[in-house]
Amino acid sequence: MCYGLPMRYHKAVPISRPEADFIISSPTSSLNECVVIEDDGDWYDVRRMTEYELTDFIETLQRARLSALAARSMTPH
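Student: Explain helix α2 (residues 51-73) here, please?
Tutor: An α-helical turn contains 3.6 residues, so any two residues separated by three or four positions project in the same direction. In this model, α2 (23 residues) spans 33 Å end to end at C-alpha, consistent with the 33 Å of a helix rising 1.5 Å per residue. Of all the residues in α2, the buried ones are Leu54, Phe57, Thr60 and Leu61. If you follow the buried residues of α2, they end up packed against β2 (36-39) and β3 (42-45).

Set out below in structure tokens:
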């Protein structure tokens, strides 16, 4: 049974840190202001996401993090 929030589909592509460094250092186009984002050591290629999609993706990551924090703070009876 999964107690975390289900991750909705997003166009973000999980990548490694070296891949992120390469994308950052290369001239590239993006549909938003960012080309990659990092969340707690996890890197994502977000070049194909619009500003709205990127905002939605970041909110999903934040909800998942808050859910994990809440689960750790609950005391079982």
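Having put the structure on the table, let's press on.
Student: Looking at this structure, how should I read the pairing of β2?
Tutor: The side chains of a regular strand alternate, residue by residue, between the two faces of the sheet. Two strands pair when backbone bridges link them, and β2 and β3 are joined in this way by four bridges, in the antiparallel orientation. Bridge assignment links glutamate 38 to a residue of β3, and that residue is tryptophan 43. Count of turn residues in the β2/β3 antiparallel hairpin: two residues, of which aspartate 40 carries a positive phi of about 55°.

Student: Please explain the packing of aromatic side chains as it appears in this structure.
Tutor: Each aromatic ring pair is characterised by the separation of its centres together with the angle its planes make. Under the definition given, this model contains one aromatic pair. Seen in terms of ring centroids, tyrosine 44 and phenylalanine 57 are 5.1 Å apart; in terms of plane orientation they differ by 80°. Their pairing is edge-to-face. Remark: phenylalanine 57 occurs in helix α2 and tyrosine 44 occurs in strand β3; sequence separation between them is 13 residues. Accessibility expressed as a relative area gives 3% for phenylalanine 57, which makes it buried.

Student: Could you clarify how one ought to interpret the sheet that holds β3 in this entry?
Tutor: Strand pairing in a sheet is mediated by backbone hydrogen bonds. Such pairs are either parallel or antiparallel. Ordered by their spatial adjacency, three strands build an open sheet running β1-β3-β2, and the pairing between neighbours is antiparallel. With one partner strand each, in any of the chains shown, β1 (13-15) and β2 form the two edges of the open sheet. Strand-to-strand twist across the sheet, computed as the mean angle between neighbouring axes with direction ignored, equals 35°. Sheet strands touched by helix α1 (residues 17-25): β1, β2 and β3. Its angle to β1, the strand with the most contacts, is close to 105°. Contacting β2 and β3, α2 crosses the sheet at an angle of about 10° to β2.

Student: Hey, could you run me through the nonpolar core in this one?
Tutor: A general trend in soluble globular proteins is that nonpolar side chains are found buried together. Counting eight residues, the largest nonpolar core consists of Ala12, Ile37, Tyr44, Val46, Met49, Leu54, Phe57 and Leu61. At three residues, the largest contribution of residues to this core is made by α2. With residues near it in sequence (within four places) discarded, valine 46 still touches Ala12, Ser30, Asn32, Cys34, Val35, Val36, Ile37 and Leu54.

Definitions and cut-offs
- Residues numbered from 1 in each chain as written.
- Predicted model: local features only at pLDDT ≥ 70, side-chain atom pairs only at ≥ 80, totals over all residues.
- Heavy atoms only, no water.
- Helix = DSSP H or I, 4+ residues; strand = E, 2+ residues; numbered from the N terminus.
- Expected span 1.5 Å × (residues − 1).
- Buried < 20%, exposed > 50% of the residue type's maximum accessible area, 1.4 Å probe, protein only.
- Contact = heavy atoms within 4.5 Å.
- Pairing = 2+ DSSP bridges.
- Phe/Tyr/Trp six-rings, centres within 6.5 Å; stacked < 30°, edge-to-face > 60°.
- Axes fitted to C-alpha atoms, helices over the stretch in contact; angles between N-to-C directions.
- Core = buried A, V, L, I, M, F, W, Y, C linked by side-chain atoms within 4.5 Å.

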